[in-house]
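Residues per chain are reported as follows:
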Amino acid sequence: MTISTLEPLLKEHSFFQGLKPEYIQLVVECASNICFEAGQIIFHREEEANRFYLLRHGRVSVEISSPGKQAIVIKTLGDNDVLGWSWLFPPYQWQFDARALELTRAIALDGRCLRGKCDNDPELGYEMMKRFSFIMLESLQATRLQLLDLYGLPERKLL
């Protein structure tokens, strides 16, 4: 799929809803089409993180793993979700593992390319930070709920 055909897909994705058309045009320069087979590891914790993914079709598990233990699924992502925010913050390393649960089609966005565009245009950078802040908050909430379930703790209201 060529860059010119990715622009409508970016516009349709909920993550980019309401983003100025000129910013969509900048972002599409960092985009490529990608596919993961069922069971394929997308990334491992502590590997270099220089991409994020707009999931178009399929399911991905975000996991915490430790040697000798079964991975704990923190969150399962599906169509129209966003995978990955570690590309945005130094030292640019993944904080979790991710694995395709089924055939998954996505748009990969090059983090280095996008960081450069955000550095050159602070308004675009601010838009990306607002959007990723929401995704990071969702991830923290999912992790908290998973830990409560894992340890059988009652949920407490946060102040």
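The structure this text deals with has already been given above.
For clarity, every value in this text was computed on a predicted model and none was experimentally measured.

What follows deals with the state of the cysteines. This model, assessed by the stated rule, comprises 1 disulfide. The disulfide that involves Cys30 links it to Cys113, with 2.0 Å between the sulfurs. Its S-S torsion of approximately -70° makes the covalent link between Cys30 and Cys113 left-handed. Taken as a pair, Cys30 in the loop between α2 (21–28) and β1 (31–36) and Cys113 in helix α3 (residues 111–120) lie far apart in primary sequence, 83 residues in all. By relative accessible area, Cys113 is classed as partly exposed at 26%. Note on Cys118: no disulfide assigned, nearest cysteine sulfur contributed by Cys30 at a separation of 8.4 Å.

Okay, the sheet that holds strand β8 (residues 104–110) next. Note on sheets: strands pair through backbone hydrogen bonds, and any given pair is parallel or antiparallel. Taken in spatial order, the 4 strands make up an open sheet running β1-β8-β3-β6, and their pairing is antiparallel. What marks the edges here is a single partner per strand, and that holds for β1 and β6 (82–83). Here β1 pairs with β8 via 6 bridges, running antiparallel. What sits directly across from Asn33, in β8, is Ile107. Packing of α3 onto the sheet brings it into contact with β3 (51–57) and β8, and relative to β8 it is tilted by some 45°.

The next point concerns the side chain of Ser61. Positionally, Ser61 belongs in strand β4 (residues 60–64). At 2.6 Å, the side chain of Ser61 forms a polar contact with the side chain of Glu63.

So, how was this worked out
- All chains use their own residue numbering, which begins from 1 and follows the written sequence.
- Under the rules for a predicted model, residues below a pLDDT of 70 receive no local features and side-chain atom pairs below 80 are neither given nor counted, while totals for whole chains, interfaces and linings still include all residues.
- To get the side-chain values, all heavy atoms of the structure are used, and hydrogens and water are removed first.
- To count as a disulfide, a pair of cysteine sulfur atoms needs to be within 2.5 Å.
- Strands are runs of DSSP state E lasting at least 2 residues, helices are runs of H or I lasting at least 4, and numbering of each runs from the N terminus.
- Only protein chains enter the accessibility calculation, which uses a 1.4 Å probe. A residue is then buried if its area is under 20% of the maximum for its type, exposed if over 50%, and partly exposed in between.
- When DSSP finds two or more bridges between two strands, those strands count as paired.
- The contact criterion used is simple: two residues touch if any of their non-hydrogen atoms lie within 4.5 Å.
- For helices, the axis comes from a line fit to the C-alpha atoms of the stretch in contact; other axes are also lines fit to C-alpha atoms, and the angle between any two N-to-C directions lies between 0 and 180 degrees.
- Whenever two N or O atoms come within 3.5 Å, that pair is a polar contact, provided that in protein one can donate a hydrogen and the other can accept it, and provided that, for residues adjacent in sequence, both atoms are side-chain atoms.

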